[in-house]
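Listed below are the residues making up each chain.
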Amino acid sequence: VKPTWRKYQVEPDNIILEIDPGMAFGTGTHPTTVLCIQMIEQHLRPGASLLDVGTGSGILMIAASKLGAGTIYGVDIDPVAVDVAGKNLLVNGIERFSLFAGHLVDQVEETFDVVTANILAEVILDLVPDVSRVLNDGGILIASGIITRKKDAVLAGLNQAGFEVIEMSEKEDCVAIVAGKSRLAGSIE
C-alpha cells in the first residue's frame, strides 16, 4: 500500500495499491485492513465478483481487482467516502467498478461471490442477517474490523444467521473471519 504522494521502487512481484484516503477511512496500515487483504488474497478466485460494504477509501476493492476479481462493487454510508474510493480506483487504473452511497446491503440487488466488511463488530452484526441475500451459493463473507473482545459476539451472530466459519486470523488485538453459508441454513429438519 503506497500513498499517492510517495515514490516507491517497484519490485517485480509487487502489487501496488495507491491510496489517498482524503476524508475517508482506509490507509491500508491498520491490522484489520491487513487481515482483510490477506483473506481476500487467500480466498478470492480469479473472475469472482466482490462487494465491499463500508468501502471507505476503496482499498479492499483495489486489492480485489488487482488480485483478479471480475466485478467489484462498493457501498458506503458516507457519500464523501464513495467519491474518494472512486478517485482511488481510477488512480490505480481500475475503470470498471460500481460505487454507491447506502446503508449496508439495503439497496444492493446483485449477488456476489465474496462480500467484504472491514467495519466495527456492531455494524457487522447488523449486516449478518441480510448478507445471505447478496451472496451467491458457495459465496463467502470476509469480516474484519473486529476487536478480540467482540469476536465471540460476531461468531454467535454468524452462527445464528446460518454461517459456518471457514477461517479466522488475528493480528494484534484484531480479528478477521471468513464464513460461508451453512448447507443446513434454511433447510427443514
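Higher on the page you've got the structure.
This one's a predicted model, so the numbers in the text were calculated from it and none came from an experiment.

Turning next to the overall build of the chain. In terms of regular secondary structure, the chain is built from five helices and nine strands. Taken over 189 residues, the chain has a buried fraction of 47%. Across the chain, the fraction of contacts at a sequence separation of at least 24, relative to all contacts at a separation of at least 6, is 62%. With an accessible surface of roughly 9,700 Å², the chain has 50% of that area assigned to carbon and sulfur atoms.

Before going further, it helps to spend a moment on the nonpolar core. Leu51, Val53 and Val115 are the most contacted members of the largest nonpolar core, which totals 27 residues. Going through the elements one at a time, β3 (49–53), β4 (71–76), β6 (112–118), α4 (121–131), β7 (135–147), α5 (151–160) and β9 (174–181) are the ones with two or more residues in this core. The element contributing the most residues to this core is α4, with five residues. The contacts of Val115, once residues within four sequence positions are left out, are Leu51, Val53, Val131, Val134, Leu135, Ile140, Leu141 and Ile142.

Moving on: the environment of Leu51. Looking at the secondary structure, you find Leu51 in strand β3. Along the chain, Leu51 and Tyr73 lie 22 residues apart, while their C-alpha atoms are 4.7 Å from each other. If we skip the residues at most four places from it in the chain, Leu51 touches Tyr73, Gly74, Val75, Val105, Val108, Phe112, Val114, Val115, Thr116 and Val134.

Once that is clear, we can look at unusual backbone geometry. The phi angle of most residues is negative, glycine excepted, and most peptide bonds adopt the trans form. Located in the positive-phi region is Leu104, a residue other than glycine, with phi close to 45°. By the secondary structure assignment, Leu104 is in the loop between β5 (98–101) and β6. Classification of Leu104 as buried rests on a relative accessible area of 12%. Even without being glycine, Glu172 reaches a positive phi, approximately 55°. Looking at where Glu172 falls in the secondary structure, it is placed in the loop between β8 (163–171) and β9.

What follows covers the pattern of salt bridges. Counted under the stated rule, the structure contains four salt bridges. With its nearest N and O atoms 3.0 Å apart, the salt bridge here joins Glu170 to Lys151. Placement of the pair is Glu170 in strand β8 and Lys151 in helix α5, with a sequence separation of 19 residues. Exposure remark for Glu170: the relative accessible area of 42% places this residue in the partly exposed category.

Think of two packed helices as two axes; the pair is described by the angle between the axes and how far apart they sit. Contact geometry for α4 and α5: axes closest at 9 Å, N-to-C directions at 5°. By the angle class used here, α4 and α5 are roughly parallel. Contacts from Ala121, Ile124, Leu125 and Val128 in α4 reach Ala153, Val154, Gly157 and Leu158 in α5. Of the residues that constitute the contact of α4 with α5, the class distribution is seven nonpolar, one polar and no charged.

Strand order in the open sheet formed by seven strands is β5-β4-β3-β6-β7-β9-β8, with mixed pairing between adjacent strands. For this open sheet the edge positions go to β5 and β8, each flanked by a neighbour on one side alone. Geometrically, the sheet is characterised by an average inter-axis angle of 15° between neighbouring strands, direction not taken into account. Relative to β6, β3 is paired through four bridges, and the arrangement is parallel. Within β6, the position partnered with Leu50 by the bridge is Val114. Here helix α3 (residues 79–91) sits on the sheet and contacts β4 and β5; the angle it forms with β5, its principal contact strand, is near 165°. Sitting on the sheet, α5 touches β7, β8 and β9, and the angle it makes with β8 is about 160°.

About the thresholds
- For every chain, the first residue of the written sequence is number 1, and numbering continues from 1 onward in sequence order.
- With the structure being a predicted model, the display of local features is reserved for residues of pLDDT at least 70 and the display and counting of side-chain atom pairs for 80 or more, all residues being used for whole-chain, interface and lining totals.
- With hydrogens and water excluded, all non-hydrogen atoms of the structure serve as input to the side-chain values.
- A run of DSSP states H or I qualifies as a helix once it reaches four residues; a run of E qualifies as a strand once it reaches two. Both are numbered from the N-terminal end.
- Under the scheme applied here, a residue whose accessible area is under 20% of the maximum for its type counts as buried, over 50% as exposed, and between as partly exposed, the area being computed with a 1.4 Å probe on protein chains only.
- A contact between two residues is defined here by any heavy atoms of the two lying within 4.5 Å.
- Per-residue accessibility takes into account occlusion by the displayed protein chains alone, with areas from the Shrake-Rupley method and a 1.4 Å probe.
- As used in this record, nonpolar core signifies buried Ala, Val, Leu, Ile, Met, Phe, Trp, Tyr and Cys residues forming a set joined through side-chain atoms within 4.5 Å.
- Criterion for a salt bridge: a side-chain nitrogen of Lys or Arg within 4 Å of a carboxyl oxygen of Asp or Glu.
- Lines fitted to C-alpha atoms define the axes, with helix axes restricted to the stretch in contact, and inter-axis angles between N-to-C directions lie between 0 and 180 degrees.
- Our angle categories are set so that under 35 degrees counts as roughly parallel, over 145 as roughly antiparallel, 65 to 115 as roughly perpendicular, and the remainder as oblique.
- Classification convention: Asp, Glu, Lys, Arg as charged; Ala, Val, Leu, Ile, Met, Phe, Trp, Tyr, Cys, Pro as nonpolar; all other residues, Gly among them, as polar.
- Only strands joined by at least two bridges in the DSSP assignment are considered to pair.

Read these as layout, nothing more, since geometry by itself doesn't imply function.
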